[in-house]
Amino acid sequence: MEKREELYAGKAKSVYTTDDANLLVLVFRNDTSAFDGKRIEQLDRKGAVNNQFNAFIMQKLSAAGIPTHFEKLLSPTEALVKKMEMIPLECVVRNFAAGSLVRRLGVTEGEVLNPPTFELFLKNDALGDPMVNESHAQSFGWATPEQIEKMRTLTFKVNEVLAALFLEGGMLLVDYKLEFGVFNGEIVLGDEFSPDGCRLWDKDTREKLDKDRFRQGLGNVVEAYEEVGRRIGVEFRYE
Ligand code: ADP
Ligand code: UDP
C-alpha cells in the first residue's frame, strides 16, 4: 500500500489517497483545536495517542457488529481506512448533561439524561456547527430519513458498547460525537472516536479526562487521554 497525495487537511487529521481507490490514509497530527478551530495548539504525543486509541475502539465496535471504516494501523500516527462519502452531520449522544446542552438549556452539568439524547449538528466551522434536525437533513439533502435512522441506531449501539467499556475502567461516558459515511451504499462509522470527541469523567471524583481539559485550560491533556487508554487496555507506542 502506497500513500499518495494529500486530499484534505482538517483541524486534527490529514487525509491521503493511496494506490487503492477504495482506501485512504488518515494521519493523526498533534494539532488540537477548540471553539470551531478558533484556538489551535500542538500537544506532544496527541496524534499517536488518538490514532491508537481510535484503532482500539474501532476494533471493539467492529467486534460488536458495528460497521466501521477502520482497516489497520500503519504506524503510531497513521491508519488505513475505507474511503467514504462523508455525511456532513455530527451525531451526538448524551448520557449526562454537559457542554453546549448546559449552555443552551440552562440545565445542571452532570444531570442524568434518561433516556440518553440524540442530536444532529451540521459540520460547518464557519457557522459554528449549528444544531439541525432530520427535516433539515432531508430538505437540504445531507442525509435521507433511512440514513438518519441507521445513524441513530448505530450511535445508540455504540453507547451500549462503550459506556460499559469505560465503566469497567471506572469512567462515565458523558457524551460523544460520531461521523458516518457511505461505503458501497451502506452507512459506516467513520472519522475517529477518541477523547477529542467525547466527554469522560472519573466515576468517583468526576475529574474530566477528555478534551474539556484543553477547552478549560486544565492542563495535562494528553496525560489524561493516556490514562483513559491505560484504564481500558490500550498499549501506546510512540515510534
Ligand atoms: P475536520 O475536518 O472537522 O477539521 P479532521 O481534522 O479530523 O476534522 O479531518 C478529518 C476529515 O476526514 C474530516 O473531514 C472527516 O469527515 C474526514 N473523514 C474521516 N473518515 C473518513 C473516511 N473514511 N473517508 C473520507 N473522509 C473521512
Ligand atoms: N464534539 C466534537 N466535535 C464538535 C462538536 C462536539 O467532537 O465539533 C463532541 C464534544 O467533544 C462532546 C460532544 O460532541 O463530547 C457534545 O459536544 P457539545 O455539543 O456539548 O459541544 P461543546 O460544548 O463541545 O462545544
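Please read all numbers here as calculations on a predicted model, not as lab measurements.

Asks: Go over the environment of serine 135 with me, naming the residues and quoting the values.
Replies: When you line up the elements, serine 135 lands in helix 3 (residues 134–139). Classification of serine 135 as partly exposed rests on a relative accessible area of 46%.

Asks: Got a sec to walk through the site of ligand 1? Specific residues and values, please.
Replies: Every one of the 15 residues lining ligand 1 counts as a neighbour, but Tyr8, Lys11, Ala12, Lys13 and Lys123 are closest to it. Between tyrosine 8 and ligand 1, the recorded distance is 2.7 Å, taken from a side-chain N or O atom to an oxygen atom. Aspartate 191 has a polar backbone atom sitting 3.2 Å from a nitrogen atom of ligand 1. When the free accessible area of ligand 1 is taken as 550 Å², the share hidden by the protein chains comes to 89%. Contributing elements (two or more residues each) for the shell around ligand 1: strand 2 (13–18) and strand 7 (78–82). Class assignment of the residues belonging to the shell around ligand 1 gives a composition of seven nonpolar, two polar and six charged.

Asks: Break down the site of ligand 2 for me, citing the residues and quoting the values.
Replies: Surrounding ligand 2, one finds 17 residues, the nearest of these being Arg94, Ser100, Asp129, Asp175 and Arg215. Within the side chain of arginine 103, a nitrogen or oxygen atom sits 3.2 Å from an oxygen atom of ligand 2. At 2.9 Å, a side-chain N or O of arginine 215 approaches an oxygen atom of ligand 2. Compared with its free state, where it exposes 500 Å², ligand 2 has 82% of that area covered by protein. Elements that contribute at least two residues to the shell around ligand 2 include exactly strand 9 (89–96), helix 2 (99–105), strand 12 (171–183) and strand 14 (198–202).

Asks: Account for the packing of aromatic side chains, naming residues and giving values.
Replies: All chains considered together, the criterion is met by seven aromatic pairs. With a centroid separation of 5.0 Å and an interplanar angle of 25°, the aromatic rings of phenylalanine 140 and tryptophan 142 are classed as stacked. On the numbers, 6.4 Å between centres and 35° between planes, the contact of phenylalanine 236 with tyrosine 238 is tilted. Three or more aromatic residues link up through ring pairs in this structure, and these residues are Phe53, Phe166, Tyr176 and Phe193. One residue, arginine 39, lies across the ring of phenylalanine 214, its end atom 4.2 Å from the ring centre. Here lysine 82 stacks its cationic end above the ring of phenylalanine 183, 5.9 Å away from the centre of that ring.

Asks: I'd love a proper account of helix 4 (residues 145–168), names of residues and values included.
Replies: Taking 1.5 Å as the rise per residue, helix 4 with 24 residues should run 34 Å; its terminal C-alpha atoms sit 35 Å apart, in good agreement. Those residues of helix 4 that fall on the buried side of the exposure criterion are Ile148, Met151, Leu154, Thr155, Val158, Asn159, Leu162, Leu165 and Phe166. Residue glycine 170 follows helix 4 closely and has a positive phi angle near 75°.

Conventions and cut-offs
- Residues numbered from 1 in each chain as written.
- Chains lettered and ligands numbered in written order.
- Predicted model: local features only at pLDDT ≥ 70, side-chain atom pairs only at ≥ 80, totals over all residues.
- Heavy atoms only, no water.
- Helix = DSSP H or I, 4+ residues; strand = E, 2+ residues; numbered from the N terminus.
- Buried < 20%, exposed > 50% of the residue type's maximum accessible area, 1.4 Å probe, protein only.
- Near = heavy atom within 4 Å.
- Polar contact = N/O pair within 3.5 Å; in protein donor to acceptor, adjacent residues only side chain to side chain.
- Areas by Shrake-Rupley, 256 points an atom, 1.4 Å probe, with all protein chains shown as cover.
- Nonpolar A, V, L, I, M, F, W, Y, C, P; charged D, E, K, R; others polar.
- Phe/Tyr/Trp six-rings, centres within 6.5 Å; stacked < 30°, edge-to-face > 60°.
- Lys NZ or Arg CZ within 6 Å of the ring centre and 35° of its normal.
- Expected span 1.5 Å × (residues − 1).

Read these as layout, nothing more, since geometry by itself doesn't imply function.
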